[in-house]
Amino acid sequence: MEEMAVSPASPAAHIEETEMSLLEGQGPRDLREYCRQLEELGELHRIQAEVDWDMEMAALVYVAHRKVGAPALLFENVRGYKTPVLWNSLGSSVRRFATAMGIPRDIDLKTLIRAAGVRLKRPVPPKKVSAGDAPVFENSMVGDAVDLWRFPVPRHWPLDGGRYIGTADAVITRDPEKGHLNVGTYRMMVHDKNHVGLYLSPGKDARLHIDGWWQQGKPCEVAAVWGVEPALFMVSGLTLPKTESEFPYSGGLKGAPIELVDGKATGLMIPARAEIVMEGITHPGSTRMEGPFGEFTGYYGRPEDLAPLVEVKAVHFRNRPITTAALMADYWASNECGLLYAVMRSARVWDDLDRLGVPGIKGVYAHPAAAGGFGMTVVSMQQRYAGHAPQVLALVAQCPAGAYYSKWIVAVDEDVDPTDINEVLWAMATRCNPVEDVDILRETWSTWLDPTQNPPEKRPYGSKALVNACIEHRNLAAFSRRTRLDPKVYEKVISRWAEYGLGFDPPTVSTFETLKTRDLEPAR
């Protein structure tokens with residue numbers, strides 16, 4: 001093995017000593033090791049009954065995963081196929097995310113977000129391995145032998161335009177100018193045995209790469225991982241600097257390098273321990289009608305339209321490969337985007353604010369119920385100067401990690417937990433005066449998938465509401481004081497909890513009165 005630089009790693013940011021422990025541990029080496037670990041934890045459920053690829057798998061995932069924390073589902077008996085399908089490998093389980101990163105599994109959501117941010121600040125370059133050390137080459141279909149129908153490609157929703165092999169995937173392209181490899185998650189619809197349609201929203205990296213190659217009159221090489229390890233999948237959907245590769249960030253996230261090998265049908269490098277990898281090309285101007293597809297918004301995306309057509313040159317796969325699938329849905333826990341983007345987007349936005357030198361940030365959360373983590377971002381902060389909250393709102397709305405699609409940017413004070421939507425709504429209702437505290441940004445970066453914009457041609461241009469739900473800075477001292485528990489009384493209640501006989505653990509309270517409690521005369 002040799003260390004390999006795919007692109008210049010971003011400068012490592014300073015990490016406080018209290019966060020160093022979050023760098024310890026390594027995530028699983030590949031998807032198979034991850035599945036074994038999940039099964040030991042009771043976080044993976046094998047379904048051995050025969051299940052149809054045509055909507056039945058997706059329907060079962062949707063219903064089962066409405067229960068928060070439901071296990072990943074491995075379908076081992078798909079009608080007409082021998083290849084198993086793993087759905088929603090991350091789901092709504094903090095423990096599965098922690099397992100993917102190799103960190104303690106008993107952490108809470110806020111710590112998970114911070115751990116992801118700390119890990120992403122320490123990119124680990126990938127390692128190049130030889131073809132002989134790459135399990136992905138155990139089997140190959142090349143040229144006329146390629147047959148995508150060999151795999152159990154599912155249809156997700158009743159009005160989908162076809163069967164989608166790429167949902168929990170990682171699509172690899174090369175930047176025509178800088179030369180680095182980009183990894184992104186994009187949907188891929190099977191057209192026939194050796195062609196897939198590749199849907200790309202405006203401004204996404206792979207779309208820019210394909211356009212760049214086509215403008216030179218050259219085909220664009222494309223590889224896609226259809227049985228993807230969790231750390232690579234977690235990073236592939238992020239908005240990272242367009243001049244850098246996602247591979248080092250994936251390595252940083254799991255604390256170990258991603259193993260790459262030279263492709264056999266393209267000049268791209270591919271994950272050596274992936275379950276299934278496709279190599280292909282998209283010729284200049286080659287498109288075919290694609291979609292619609294039930295998307296992360298809980299709606300079908302734009303109407304059927306032209307999308308780049310990928311001619312599949314080769315498919316490599318391991319013995320007894322596992323395909324990966326991700327359901328997009330209206331309900332956050334059933335939507336594989338939900339907690340995934342809540343964690344990863346929050347970590348990246350927080351990192352962008354750190355890089356910009358913005359002080360006082362106490363927490364960031366992209367709420368999963370808001371279109372799978374895309375629709376709303378909440379920032380908890382300690383106000384330190386006049387204009388601090390409006391500054392944070394503007395930066396979160398347009399920073400690289402937060403600019404795409406997000407419509408509602410909310411700032412709250414440090415006594416509000418951004419991951420608790422009830423606390424956020426309370427702050428909006430009691431600290432925000434809409435006529436003064438809501439600003440609108442127009443003509444912002446959006447997507448064809450936004451159902452609120454009609455006709456669909458308007459959709460690439462969005463808007464954002466910046467909601468200042470912080471105590472008015474100029475009146476911090478005079479603002480009505482929040483009701484809080486006395487910390488000593490709280491400790492007394494917790495210490496006597498069992499005596500009260502309530503039958504459940506005490507919920508966590510995190511904010512307490514800091515002023516001395518007024519003494520009262522005893523009753524006579």
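Residues numbered from 1 in each chain as written. Predicted model: local features only at pLDDT ≥ 70, side-chain atom pairs only at ≥ 80, totals over all residues. Heavy atoms only, no water.

So, the overall build of the protein chain
Across its full length, the protein chain carries 13 helices and 23 strands. For 524 residues, the compact-globule estimate of 2.2 N^0.38 gives 24 Å, and the protein chain sits close to it at 24 Å. For the C-alpha atoms alone, the extent of the protein chain along its principal axes is close to 95 × 50 × 45 Å. Scored against the burial criterion, the 524 residues of the protein chain give a buried share of 56%. (Helix = DSSP H or I, 4+ residues; strand = E, 2+ residues; numbered from the N terminus. Rg over C-alpha atoms; globule rule 2.2 N^0.38 Å. Buried < 20%, exposed > 50% of the residue type's maximum accessible area, 1.4 Å probe, protein only.)

Some details on the sheet that holds strand 21 (residues 408-413)
Read across the sheet, five strands follow the order 19-20-21-23-22 without closing on themselves; strand pairing throughout is mixed. Two strands in the sheet have a free side with no partner beyond their single neighbour: strand 19 (361-366) and strand 22 (438-445). Between one strand axis and the next, the sheet turns by 20 degrees as a mean value, whatever way the strands run. Where strand 21 lies against strand 23 (residues 461-469), five bridges are found, and the strand directions are parallel. (Pairing = 2+ DSSP bridges. Axes fitted to C-alpha atoms, helices over the stretch in contact; angles between N-to-C directions.)

Some points on unusual backbone geometry
Residue Pro-292 is reached from Gly-291 by a cis peptide bond, and omega for that bond is -5 degrees. Along the chain, the position of Pro-292 falls in the loop between strand 16 (287-290) and strand 17 (305-317). Here the bond from Asn-454 into Pro-455 is cis, since omega is 0 degrees, no more than 30 degrees from zero. Note that Pro-455 resides in the loop between strand 22 and strand 23.

As for the sheet that holds strand 2 (residues 44-47)
With respect to topology, four strands assemble into an open sheet ordered 2-3-4-18, the strand pairing being mixed. Bordering the open sheet on either side are strand 2 and strand 18 (323-325), each of which pairs with just one other strand. On average, each strand axis in the sheet is inclined to that of its neighbour by 25 degrees, with strand direction left out of account. Here strand 4 (residues 85-87) runs beside strand 18; their pairing, made up of three bridges, is parallel. Along strand 18, the bridge assignment pairs Leu-86 with Thr-324. Sheet strands in contact with helix 2 (residues 56-64) are strand 2, strand 3 (72-75) and strand 4, and its direction is about 160 degrees off that of strand 3. (Contact = heavy atoms within 4.5 Å.)

A few points about the side chain of Thr-511
Secondary-structure assignment places Thr-511 in the segment after helix 13 (497-500). Among the polar contacts made by the side chain of Thr-511, one reaches the side chain of Arg-484 at a distance of 2.9 Å. When near neighbours in sequence (up to four residues on either side) are disregarded, Thr-511 contacts Asp-415, Arg-482 and Arg-484. (Polar contact = N/O pair within 3.5 Å; in protein donor to acceptor, adjacent residues only side chain to side chain.)

Considering the packing of aromatic side chains
The tally for this structure, following the rule as stated, stands at 11 aromatic pairs. Note on Tyr-164 and Phe-293: the rings are 4.4 Å apart at their centroids and 40 degrees apart in plane angle, and the pair reads as tilted. Placement of Tyr-164 in strand 7 (residues 164-166) and of Phe-293 in the loop between strand 16 and strand 17 is noted, with a sequence separation of 129 residues between them. We note that Tyr-164, like Phe-293, is buried. Look at Phe-374 and Tyr-404: their rings are 5.7 Å apart centre to centre, the planes differ by 80 degrees, and that puts the pair in the edge-to-face class. Taken together, the residues span a long stretch of sequence, with Phe-374 in the loop between strand 19 and strand 20 (376-381) and Tyr-404 in the loop between helix 9 (388-398) and strand 21 at a distance of 30 residues. Just as Phe-374 is buried, Tyr-404 falls in that class too. (Phe/Tyr/Trp six-rings, centres within 6.5 Å; stacked < 30°, edge-to-face > 60°.)

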